[in-house]
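Survey of secondary and tertiary structure
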Amino acid sequence: LIISDNYLEPFIYNKKGILLANFFLHKELLDQDHEYMNSFNSIQWNDINLVTSIFTMPYIKEKPNSLKIPLIGEQFNQMEDMNHLIITKGLGCWSNDFDQKIINYIQRNLFDYNGKIFLDKTLKNILQDIKSINLNIEVTSLNEEIISTATAIIGRPSIGILTESFQYRIPFVAVVGAD
């Protein structure tokens, strides 16, 4: 099983029996690099089994041996809403200014929130900047119980937390781009 974004090498050097999941290969990269495009065009797609999702590029979905799977598995009903929010950025955030965006969001939108706020441990370093707001904040690792009983999830829309948000039907507020 190979979970890949933009790597062609597995197909060039070991084509038989590959199962590829969530292939995000971006054609723009192919168009910019002649050698990369040649490698892409040399792939024997009949030898590769593709597991695709809604994120898979359309020209990959059209390849033979392509099986579309749902983005999330079984959906569950939201558990009893326990009047708490989750604020998260996930593990794959490379943005240098995301913490400041979250701080700004909290200061503008949550200053009078009365429920509990679970702050993902990846954001623990912002506590100093928001402690003057006097919110009920607990830094924690997220788990199924916290997620399934949340009123809403606020943060960077990464695939993991979005999947859990959709799975438990918890509203998600994306904090991205300009303030």
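To be clear, the structure that these remarks concern was listed above.
A short tour of the structure in this document, coming up. Source: prediction; values computed, not measured.

Before going further, it helps to spend a moment on helix 3 (residues 34-41). Residues Y36, M37, S39 and F40 constitute the buried set of helix 3. Looking straight down helix 3, one finds that the buried residues subtend no more than 160° of arc, so they occupy a single side. Exposed and oriented more than 90 degrees from the buried face of helix 3 are H34, E35 and N41.

Another aspect to go through is the sheet that holds strand 5 (residues 84-88). The strand order across the open sheet built from five strands is 7-6-5-8-9, with neighbouring strands paired in parallel fashion. Two strands close off the open sheet at either side, each with one partner strand: strand 7 (136-140) and strand 9 (172-174). Averaged over all pairs of adjacent strands, the angle between strand axes in this sheet comes to 20°, irrespective of strand direction. In the sheet, strand 8 (residues 152-155) pairs with strand 9 via three bridges, with the strands oriented parallel.

Here N83, not a glycine, exhibits a phi torsion of approximately 55°, which is positive. On the secondary structure map, N83 appears in the loop between strand 4 (66-68) and strand 5. One non-glycine residue, R169, lies in the positive phi region at around 60°. Tracing the chain through its elements places R169 in the loop between helix 8 (159-167) and strand 9.

About the criteria used
- The written sequence of each chain sets the order in which its residues are numbered from 1.
- Local features are withheld for residues below a pLDDT of 70 in this predicted model, meaning they are given only at 70 or higher, and side-chain atom pairs are given and counted only at 80 or more; totals for whole chains, interfaces and linings count all residues.
- To obtain the side-chain values, all non-hydrogen atoms of the structure were included, while hydrogens and water were left out.
- When a residue's accessible area, from a 1.4 Å probe over protein chains only, is under 20% of the maximum for its type it is buried; when over 50% it is exposed; and in between it is partly exposed.
- Only DSSP runs of H or I reaching four residues or more are called helices, and only runs of E reaching two or more are called strands; each is numbered from the N terminus.
- The arc in question is formed by the directions pointing from the helix axis toward the C-beta atoms.
- A pair of strands is considered paired only if DSSP assigns at least 2 bridges between the two.
- Orientation is described by lines fitted to C-alpha atoms, with helices fitted over the stretch in contact, and by angles between N-to-C directions that extend from 0 to 180 degrees.

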